[in-house]
Amino acid sequence: MAEVLFFIAAVGAIAGAIGTVSLRNPFYSVLALVFHLLSLAALFLLLRAEFVAAAQVIVYAGAVMVLYVFVVAYVGGTQEMTGPQTGPGTRAFSIGVAVVLFIEITIAVLGSGLKAIDSDGPGLPAATETVPGFGSPEAIGELLLTRFLIAFELASFLLLIAAVGAVTLARRRGGLGEDPGVITPLDLIRRPQGTGTMAEGVGRHTEDAGGVASTMSGTSASARPDTGDATTGEDA
Amino acid sequence: MAIGWYLAVSALIFSIGAGGVLTRRNPLVILLCLELMLNAANLALIAFSRMHGNGDGQIFAIVVMVVAACEVCIGLGVIVAMYRRQLPIDVDELRELQG
Amino acid sequence: MNVTDYGWLILLFPLVGSVLIGLLSSKLPGKAAGFIGTGSIFLAFLATVGALFKLQDRPEEARQVTGILYDYASTVGVDAEMSILVDPLSILMCLVVSGVSTLIHLYSVAYMWSDKGYARFFAYLNFFVFSMLLLVLAGNFMLLIVGWAFVGAASYLLISYWYRRTTATTAGLKAFVINVVGDIGLVLGTYFIFKHTGTLDFLKTFESAEEFANEGNGDLTAGLILLLVGAFAKSAQVPFHTWLPDAMEGPTPVSSLIHAATMVTAGVYLIARMHPLFEQAPAAADVAAITGAVTLLVAGTIGLVVTDLKRVIAYSTMSQIGYMIMAVGGGAYVAGLFHLMTHAFFKALLFMAAGSVIGAMAGKQDLDQMGGFRKAMPFTFGCFVIGGLALAGVPPFSGFFSKDEILLILGDRGGWYIGLYVVGYIGALLTAVYTWRMIFRAFFGEACPEAKELEGGHLHHAAVHTNPANGEVEDTEVGFPGAEHHIAEQSTAMKVAMGCLAVLAVIGGFIQIPKVNHWLDDFLHPTFEDSKIEQLSSNDGLLYFGLILGTFVALVGIAIAYRLWVQQPETPARIQARFSFLHRLFVNKWYFDELIDLVVVRPFAWFGRFGQQTFERVVVGAALIGGPTGLVKAGSAAVRALQSGFLRAYAALLLAGVAITLFYFLVQS
């Protein structure tokens, strides 16, 4: 029984992976990844890591992927162009590298002489009063707060940094100091979109109507914002 | 199932993710492929944890998940900022840092 | 106060004078700088007299006293102390230097009065006197070299005194460079000597002179010949003499002090001081004697044809110093120093008188344009006559006694020194001729316009001030000569100074009249008692022969000059036409300047050009600098190509690197 479940989950994972990599529409890629993550959760369960499987589903597939969905919806995910930069040589090289990596890792892991790989793993004792069962939340909690306390704290610190960083990256420039919650048409007129250090850095002329990236060669339609608040080119 | 199977699956997913990183042009998709690679690593960790019989690998996997979440956060923030500046969302177009 | 305290005082007064005048130069009113300068040298002279008496109070064996102020740097193997050696030789030199300097300072108080840089002149002059006194009082090689170098520097400062004149600055540089060549010889020679004796102190070195010589290798001779290079450069002997005629660009008091009486005698002093070493290495002494003789003749011949008044006297100096070097090289130390003393008197007098004549000519120095100053400038004429008689060696003037004593001792030594004896008398003839040529041309004959003006009571002034050498127009501000000129007849200070020197030129020889007294030899005996060469000749026959020959030669020379330049003034032109080759040779100074240019200057210039254009550009620029930088540039260009900006290229490289590393580890295990 376990083998059947393993194969189903494994095939699902691999299918999801291939789908993520090869689907043209980014939105479909995200969905493929979600499927992959759920299959992976099943694999975790087969390996008796209950808590991690649950965390995978709730956090990864639930929160992170939802975030992805939001961003893909915002940014837009239309067809991806393959321009002249990517020749067939580059593709072949990339696929070659991936294949080589796969072969090497497989040899490294499976040919390493570890006898335990061939087994199912040691027998796991059942949960008792004092010793929590393998993979249970109590076991994870105990480990987190005793042996891996520092890692735990650092991980939470890292989350804080990431949150601050994300807010800083994505905020509006020139709009700080006033109430950021209320966006009036005045904001859009006063400081047109597309201005700021990065745009000036790439040499965009702020007077451009329609926001054409004058120095960018090639057009990526996927990045074109078709918004009503496009720059009208006026400064106050 | 023998642990080796899980490791083989992990290796395969890892290399698929690597190929995706090298091949795709949309940064969003590249980030997704990066997630694939991280998950493959997670799978390997859990497998080894099962093999050893202690929970260390699972803790490691949880921390990896945390890191992945943070990295996704920042990466998407960057992409949103790029989009806001109306830059093309294409890694081949964005090559100012050269020379 | 013991003897060495006086010695330190001798050094202190001129130094203080120089510093004082230098610091207060802009605030000193009128002639104050001149009087401070003269006063400080006069105090040094008094201190010398005091030291003389103190020294003579001591018994004869104890008359070489070393006084140490402090240890400068006595480290491993080197005993560098601030020490002076007070002994009869250094006291004699100090008397001559400080005495003559006092008179020259007095002369300059009046002579340089209209010059805008008056105080600067006296500061430099005092500094020079300090350096010269340091040189002669030095008790070890270190202070000798310091004094030597300072004297060279002072000479440069004073020759280029009128620093806005390009001819003056060029001459100053030439003098300095040649002096530095001499300095190198001096330092290297010191090293050679020090290497074997292990001490820098003079007295200790002389004590170990004999064992040094017995070591057998040529180090002593080599070291002494290097010292001689220094002596020759300082004393303007062939082939290091080319700077002295050019040094006449300096003001006349400078020529009088430095280039007649004191600095150029430093070489003579050096050889006399080092006589214990020279006697152990006869080869070096012979080199000195021969060089002196050669210079004597060369300078004498050139003096016959030059037309610049000061340059005639300069070549005369060169020739007389040739006598002195020949003397001390041949072992006649006392005689050589005697001649040094008398020469200081009459040569300084001649230069002072020449300064007076040049003042009357409003700065011009050309003999061709002078004539008939006898009536207009009687005092100057009298001084010239006295100086000329002394220089020519007419008895009973001082030059006669000193010159004859040198030649007597040389002749007495016999052997090949007889050659030097003959050369000496030929030189004496030449000396008489060119000296009186100068006097007859300047003072006899038809009076030139300036002389006529002066007879009418008015000193000639040039309408436009020019450089007499090349005719460039100048003004009279700082850096050029002043507007006014001063002559002896109109200035008391100048008359006093010249008068003193004239008296000394007349009576100076009486301290060592043959067969009558030998005061100088007695005085210098403590220094030279370790000499193997007899300082007083007992060869009466040669003595009388020499006295008569000397007088005869001098009078014949004066007679020849009289005939050629007073009685038959067209004869010189005929002789010049007949011996035109010789005349050209002499007028071009035996082509020494051209020779040095060819042998020294051009190779150096070539080397400099080679260094700059070839070595610098090719070896250093291209190979040493270009090579590594080229490599780095190429390498970085290669690495730069990797930074394409393509994200995926970076990712690809990253993963490829991982694959390779993994492969390597797989293969390893």
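Scroll up a little and you will see the structure.
The structure reproduced in this document is the subject of the present report. Note that this is a predicted model, so its numbers are computed, not measured. (Residues numbered from 1 in each chain as written. Chains lettered and ligands numbered in written order. Predicted model: local features only at pLDDT ≥ 70, side-chain atom pairs only at ≥ 80, totals over all residues. Heavy atoms only, no water.)

Brief notes about the overall build of chain C
Then step 1. Across its full length, chain C carries 27 helices and two strands.
Then step 2. Counting over 669 residues, chain C shows a buried share of 56%.
Then step 3. Considering only intrachain contacts with a sequence separation of at least 6, the fraction spanning at least 24 residues in chain C is 79%. (Helix = DSSP H or I, 4+ residues; strand = E, 2+ residues; numbered from the N terminus. Buried < 20%, exposed > 50% of the residue type's maximum accessible area, 1.4 Å probe, protein only. Contact = heavy atoms within 4.5 Å.)

Regarding the nonpolar core
Across soluble globular proteins, you tend to see nonpolar side chains buried next to one another.
Residues and elements named next belong to chain C.
Then step 1. In terms of nonpolar packing, the biggest core is built from 192 residues, with Phe128, Met274, Phe373 and Phe384 touching the most fellow members.
Then step 2. Top contributing element to this core by residue count: helix α16 (residues 333–360), with 19 residues.
Then step 3. The residues touching Phe128, leaving out its near neighbours within four places in the chain, are Val151, Ala154, Leu158, Leu257, Ile258, Thr262 and Met263. (Core = buried A, V, L, I, M, F, W, Y, C linked by side-chain atoms within 4.5 Å.)

Description of the interface of chain A and chain B
Then step 1. With 96 residues of chain A at the contact, the number on the chain B side is 77 residues.
Then step 2. For the pair chain A and chain B, the two sides together bury roughly 8,200 Å², of which 72% comes from carbon and sulfur.
Then step 3. Three residues stand out in chain A for area buried against chain B, namely Leu47, Tyr60 and Tyr68 of chain A, and they jointly supply 8% of the buried area on that side.
Then step 4. At the boundary of chain A with chain B, the tally comes to seven residue pairs in polar contact (both at pLDDT 80 or more).
Then step 5. Of all the elements in the fold, those that place two or more residues in the side of chain A that touches chain B are α1 (2–22), α2 (26–46), α3 (50–75), α4 (88–110), α5 (137–145) and α6 (149–170) of chain A.
Then step 6. Considering every element that reaches the side of chain A that touches chain B, the biggest residue donor is α3 of chain A, with 13 residues.
Then step 7. A class-by-class count of the residues in the side of chain A that touches chain B yields 61 nonpolar, 22 polar and 13 charged. (Buried area = accessible area lost by both parts, 1.4 Å probe. Polar contact = N/O pair within 3.5 Å; in protein donor to acceptor, adjacent residues only side chain to side chain. Nonpolar A, V, L, I, M, F, W, Y, C, P; charged D, E, K, R; others polar.)

Here we look at α16 of chain C
Residues and elements named next belong to chain C.
Then step 1. Here α16 contains 28 residues, and its C-alpha end-to-end distance of 40 Å stays within 8% of the 40 Å for a straight helix at 1.5 Å per residue.
Then step 2. Most pronounced at His343, the bend in α16 amounts to some 25 degrees.
Then step 3. For α16, the buried fraction is high: 28 of the 28 residues fall into the buried class.
Then step 4. Phi for Ala362, located one or two positions after α16, is positive at around 55 degrees. (Expected span 1.5 Å × (residues − 1). Bend = angle between axes of the 7 residues up to and from the residue.)

A look at helix α12 (residues 266–273) of chain C
Then step 1. For α12 of chain C, the tally of buried residues reaches eight of eight residues, placing the bulk of the element in the interior.
Then step 2. What α12 of chain C keeps buried is the set Ala266, Gly267, Val268, Tyr269, Leu270, Ile271, Ala272 and Arg273 of chain C.

Some remarks on the packing of aromatic side chains
Then step 1. Per the counting criterion, the structure on display carries 30 aromatic pairs over all chains.
Then step 2. Between Phe7 of chain A and Trp5 of chain B the ring centres are 5.9 Å apart and the planes differ by 70 degrees, which places this aromatic pair in the edge-to-face class. Note that Phe7 of chain A is positioned in helix α1 and Trp5 of chain B in helix α1 (residues 3–23), a pairing that runs across two chains.
Then step 3. Judged by its relative accessible area of 44%, Trp5 of chain B falls in the partly exposed class.
Then step 4. The ring of Phe444 of chain C carries Arg374 of chain C above its face, with NZ or CZ at 4.2 Å from the centroid. (Phe/Tyr/Trp six-rings, centres within 6.5 Å; stacked < 30°, edge-to-face > 60°. Lys NZ or Arg CZ within 6 Å of the ring centre and 35° of its normal.)

Considerations on the interface of chain C and chain A
Then step 1. Each partner contributes to the interface: chain C provides ten residues, whereas chain A provides ten residues.
Then step 2. Summed over both partners, the interface of chain C with chain A comes to about 770 Å²; 79% of that surface belongs to carbon and sulfur atoms.
Then step 3. Our enumeration of links across chain C and chain A arrives at zero salt bridges.
Then step 4. For the side of chain C that touches chain A, the class distribution of residues is nine nonpolar, no polar and one charged. (Salt bridge = Lys/Arg side-chain N within 4 Å of Asp/Glu carboxyl O.)

Brief notes about the pairing of strand β2 (residues 78–86) of chain C
Then step 1. Buried residues dominate β2 of chain C, accounting for eight of its nine residues.
Then step 2. Hairpin connection, strand β1 (residues 65–75) of chain C to β2 of chain C: the antiparallel pair is bridged by two residues, and Gly77 of chain C has positive phi, about 80 degrees. (Pairing = 2+ DSSP bridges.)

Brief notes about the pattern of salt bridges
Then step 1. A full pass over the atoms with the stated rule returns twelve salt bridges over all chains.
Then step 2. Between Arg25 of chain B and Asp90 of chain B there is a salt bridge whose closest N-O contact spans 2.4 Å. Taken together, the residues span a long stretch of sequence, with Arg25 of chain B in the loop between α1 and α2 (27–52) and Asp90 of chain B in the segment after α3 (56–84) at a distance of 65 residues.
Then step 3. For Arg25 of chain B, a relative accessible area of 3% puts it in the buried group.
Then step 4. Salt-bridge contacts for Lys174 of chain C lead to Asp593 of chain C; the nearest nitrogen and oxygen are separated by 3.0 Å. Placement of Lys174 of chain C in helix α6 (residues 166–197) and of Asp593 of chain C in helix α26 (residues 592–642) is noted, with a sequence separation of 419 residues between them.

A word on unusual backbone geometry
Residue and element names in this part refer to chain C.
Then step 1. Here the amide bond leading from Val238 into Pro239 is cis, since omega sits at -5 degrees, within 30 degrees of zero.
Then step 2. Among the structural elements, Pro239 can be located in the loop between α9 (219–235) and α10 (243–246).
Then step 3. A cis amide bond, omega 0 degrees, links Pro395 with the succeeding residue Pro396.
Then step 4. Counting through the fold element by element, Pro396 comes out in the loop between α17 (378–392) and α18 (398–413).

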